[in-house]
Amino acid sequence: MTTTVATVSEGTDSPYALSHLDALESEAVHIFREVAGEFERPVILFSGGKDSIVMLHLALKAFRPASVPFSLLHVDTGHNFPEVLDYRDRTVAEHGLRLHVASVQDYIDRGVLKERPDGTRNPLQTLPLTEKIQAEKFDAVFGGGRRDEEKARAKERVFSLRDEFSQWDPRRQRPELWNLYNGRHAPGEHVRVFPLSNWTELDVWQYIAREGIELPQIYYAHEREVFKRAGMWLTAGEWGGPKDGETVEKRLVRYRTVGDMSCTGAVDSEADTIEKVIVEIAASRLTERGATRADDKMSEAAMEDRKREGYF
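Residues numbered from 1 in each chain as written. Predicted model: local features only at pLDDT ≥ 70, side-chain atom pairs only at ≥ 80, totals over all residues. Heavy atoms only, no water.

Asker: So what's going on with the sheet that holds strand E8 (residues 232-235)? Which residues, and what values?
Answerer: An order of E8-E7-E9-E10 is seen for the four strands of this open sheet, with the pairing classed as antiparallel. Of all strands in the sheet, those with a lone pairing partner are E8 and strand E10 (267-268), marking the two edges. Of the strand pairs in this sheet, strand E7 (residues 222-229) and E8 are connected by four bridges, and their pairing is antiparallel. Looking at the pairing, Arg229 lines up with Met232 of E8. (Pairing = 2+ DSSP bridges. Helix = DSSP H or I, 4+ residues; strand = E, 2+ residues; numbered from the N terminus.)

Take a look at the structure:
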């Protein structure tokens, strides 16, 4: 059974009016419950990043007081931020969840994948992700992608069909009218589900503030040793930085998004509280991926090419 979220203009005195955040929350909760009713083996992609944290918070709300009927899946590049991995493990233990880990390092050790010359492992996530989905027979995979992040993600439907090779064809997008979601798929296919599609980065932060959601401290301003490459402040590490001529310096920075250390840049910031972060985001004219993700700058169609291959 589907529900329709009614929104009203600001200033309405109706006791039944939903605020902007309430409407987004209601839509996401509805999506989680719809998937639980339509699919047999859903899984939530969970990295310990802010969008996956909000997504898990919404899933917990959707099924409370029962437990979340989905396990979690993380594609570990081997170059993740330690603070984020610590948060991931604490969260899994706190809520008694099951975590599946697909390891890029394992694929490299077996000779299935090769290290890139630039040390970036983000593009190497696709094979471990798609093979784990196939091996575990997941038929619905929740992702924290939002349409405001990047051009290719703006093309996605909430329910996005993937073929038996986990590939995405934009021409096979299904219409989604009146909150009606079509989860029909053939054996071997699966559906990627995006409950935060209609959220913006600012919505996410305002919701985190309203709900009192804990985040890894990496999202707030802190002193960190970084070096500059291609206009971004990167954290030094075994992945291949810094190189000759790249100077490490201590700066006050924070991260707007977190992923592989080799391609996720920090931004200069004094926003050490959630209120300051919200003010900073409200004034920004660049999305977090556009400002801090080197993997999206490889080409104009970098994200879409990877999505066609099976990436999120």
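Asker: Which residues make up the confidence of the model for the protein, and what are the values?
Answerer: On average, residues of the protein score 86 in pLDDT, and 86% of them reach the 70 mark or higher. The model gives residues 1-11 a pLDDT under 50, and that stretch makes 18 contacts with residues more than four places away or in other chains. Note on residues 295-299: pLDDT is under 50 here. Beyond four places in sequence and across chains, it has 17 contacts. (pLDDT = per-residue confidence, 0-100. Contact = heavy atoms within 4.5 Å.)

Asker: I'd like a rundown of the sheet that holds strand E2 (residues 71-76), residues and numbers included.
Answerer: Sheet architecture is open: six strands sit in the order E3-E2-E1-E4-E6-E5, paired in mixed fashion. Of all strands in the sheet, those bounded by a partner on one side alone are strand E3 (99-103) and strand E5 (159-162). Averaged over neighbouring strand pairs, the angle between their axes works out to 30 degrees when direction is ignored. Pairing between strand E1 (residues 42-45) and strand E4 (residues 140-142): three bridges, direction parallel. (Axes fitted to C-alpha atoms, helices over the stretch in contact; angles between N-to-C directions.)

Asker: Which residues make up the nonpolar core, and what values do they have?
Answerer: With 62 residues, the main nonpolar core has Phe32, Ile44, Val54, Phe159 and Trp205 as its most contacted residues. Residue contributions to this core peak at nine residues, all from helix H2 (residues 50-63). Ignoring sequence-local partners within four residues, the contact set of Ile44 consists of Phe32, Met55, Ala59, Val68, Phe70, Ser71, Leu72, Leu73 and Phe142. Residues Val75, Leu113, Leu129 and Ile133 belong to the second largest nonpolar core, which totals 14 residues. (Core = buried A, V, L, I, M, F, W, Y, C linked by side-chain atoms within 4.5 Å. Buried < 20%, exposed > 50% of the residue type's maximum accessible area, 1.4 Å probe, protein only.)

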